[in-house]
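Reading the structure
Here's the letter readout for the chains.
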Amino acid sequence: MSVQNVLNTIKENNIMFVDFRFVDLSGHAHHITLPATEVDADTFVNGVAFDGSSIPGFRGIEESDMVMMPDTESSFIDPFMDHPTLNIMCNIYTPDGERYERDPRSIAQKAEEYLQTTGVGTAAFFAPESEFFIFDDVRYESKMNTSFYSVDSAEAGWNTAKTEEGGNLGYKVPVKGGYVPVAPVDSQQDIRSEMVRLMQESGLRVERHHHEVATAGQAEINFRFDTLTKTADNLLKYKYIINNVARQWGKVATFMPKPLFGDNGSGMHVHSSIFNGDSPLFYEKGAYANLSPLALNYIGGILHHAPALIAITNPSTNSFKRLVPGYEAPVNLVFSKGNRSAAIRIPVAAVTPKGCRIEFRTPDSTANPYLAFAAMLLAGLDGIKRKLDPVALGYGPFDKNIYELSDEDKKEIRSVPGSLDEALDALEADSEFLTEGGVFTQDFIDNYVAFKRSEAKAVSIRVHPHEYSLYFDC
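Since the model is a prediction, treat every value here as computed from it, not as a measurement.

In this section: the nonpolar core. In terms of nonpolar packing, the biggest core is built from 96 residues, with Met-195, Tyr-238, Ile-274, Leu-377 and Phe-440 touching the most fellow members. The element best represented in this core is helix 9 (residues 369–386), accounting for 12 residues. Counting 22 residues, the second largest nonpolar core, distinct from the first, contains Val-18, Phe-20, Val-39 and Phe-44.

Printed below as a string of structure tokens:
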């Protein structure tokens, strides 16, 4: 979409405000709103100024002036604002016109540019399956003398005996019993459908939605794949719509990987493939799971670099509450066709040559999608460059339920890091693949590690409520 097309959209839709947005290190969107009367062609040349020192992980106060440069291709009309508002994602630049090296969106774009310089292909496509919970009540507190959380859902399995207004009508979702039941057990069909309706109006092509495995309102909505940066933009739009629809319905959504103990967590299974023009590069008929040698090398790169990669694709302390065996958690660094106990699954049902792809099941939605998709692509490209054979390296294929293997057999299978600190250690030891083509800079990696270590420390030094159960009477 050209600048003139955006200006025409503003005029034709009686837009009153234009919301300019950027994304921070953690993947949260921020915005500055201008009256539409103040937006003209020069706005797209000069950008919108903001204070970078007020964004965690960005700049110090002595160099705080930064500029948002709008990307016209990302614009959509906000479905929630009372006053007609057009939203536009931006890249971040320094005042002298240089790309800001810590801008996640610019890193995603540089990854796409690097792919083209390698000669491997022209475009990488991504499709995340971002799961979430819809709760009716969320309360939490963390102080020097108090620490707790409490969530509730009308359909939660723990509410079978709860006294409810009008009587408890049953139809609760059992623990691990929530996968695609019909109403009245699935009580959230209408709210998910409303989310889908607004996603479609906002430009997303939605493929399906359903209740997920866990009790208490776990859900999934799938939208169509696109190129790397566009998919990251779409994921931010997706989360924005889900969060605001939930709010409108008097509920709250969370993409937290493990909000409940003892049931499935929420992942972000990421499908990816590479094309050269219109030609898919991951397909070879008759091979294992119809995978080409290039696709196998891509898998080899992701699994080889996975411990470091997980510091970006699973960047929260809560991520590692989900990454434990027994809850469809993809903790095993192997690949397999159709096997959900493997970190990389190759979908084989109803797959065409252009639909041939790999599914990296380990990531979750605490990841910044611009960074996660870029890092995945770079790991895969490194595997292609070095011709890393996942079979020769012992990464599979494993077509058995890995959770049912003997302890002796499991010793031969690499697993994900056990904590955020371990993943950050792995990233510090293995980051060269990220700096290829100048996509990630060493400054960015060092800053990212320090930023995430501060989060890990904040959790580790606080008293956990369960410690009272274990140690109070010691």
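Right, let's get into the pattern of salt bridges. Close approach of charged atoms lets side chains of opposite charge pair. By the definition in use, this model includes 23 salt bridges. Of the charged contacts in the structure, one is a salt bridge between Arg-21 and Asp-19, with a shortest N-O distance of 2.8 Å. Since its relative accessible area comes to 3%, Asp-19 is described here as buried. Glu-359 serves as the salt-bridge partner of Arg-345, at 2.6 Å between the closest nitrogen and oxygen. Residue Arg-345 is found in strand 17 (residues 342–346), and its partner Glu-359 is found in strand 18 (residues 358–360); the two are separated by 14 residues along the sequence. Judged on exposure class, the residue Arg-345 and its partner Glu-359 are both buried. Taken together, the salt bridges that share partners define one network made up of Asp-421, Asp-425, Glu-428 and Arg-453.

Looking at where Ala-253 falls in the secondary structure, it is placed in strand 13 (residues 252–254). A relative accessible area of 12% places Ala-253 in the buried class. Through-space distance from the C-alpha of Ala-253 to that of Phe-133 is 5.5 Å; in sequence the pair is 120 residues apart. If near-sequence neighbours (up to four positions away) are discounted, Ala-253 is found in contact with Phe-133, Ile-134, Ile-242, Asn-243 and Ala-246.

In this fold, Thr-229 is placed in helix 5 (residues 228–248). Residue classification places Thr-229 among the buried positions, given a relative accessible area of 6%. There is a polar contact of 2.6 Å between the side chain of Thr-229 and the side chain of Glu-112. The contacts of Thr-229, once residues within four sequence positions are left out, are Arg-105, Ala-108, Gln-109, Glu-112 and Tyr-370.

Analysis parameters
- Residues numbered from 1 in each chain as written.
- Predicted model: local features only at pLDDT ≥ 70, side-chain atom pairs only at ≥ 80, totals over all residues.
- Heavy atoms only, no water.
- Core = buried A, V, L, I, M, F, W, Y, C linked by side-chain atoms within 4.5 Å.
- Buried < 20%, exposed > 50% of the residue type's maximum accessible area, 1.4 Å probe, protein only.
- Helix = DSSP H or I, 4+ residues; strand = E, 2+ residues; numbered from the N terminus.
- Salt bridge = Lys/Arg side-chain N within 4 Å of Asp/Glu carboxyl O.
- Contact = heavy atoms within 4.5 Å.
- Polar contact = N/O pair within 3.5 Å; in protein donor to acceptor, adjacent residues only side chain to side chain.

Taken by themselves, the reported measurements are silent on function.
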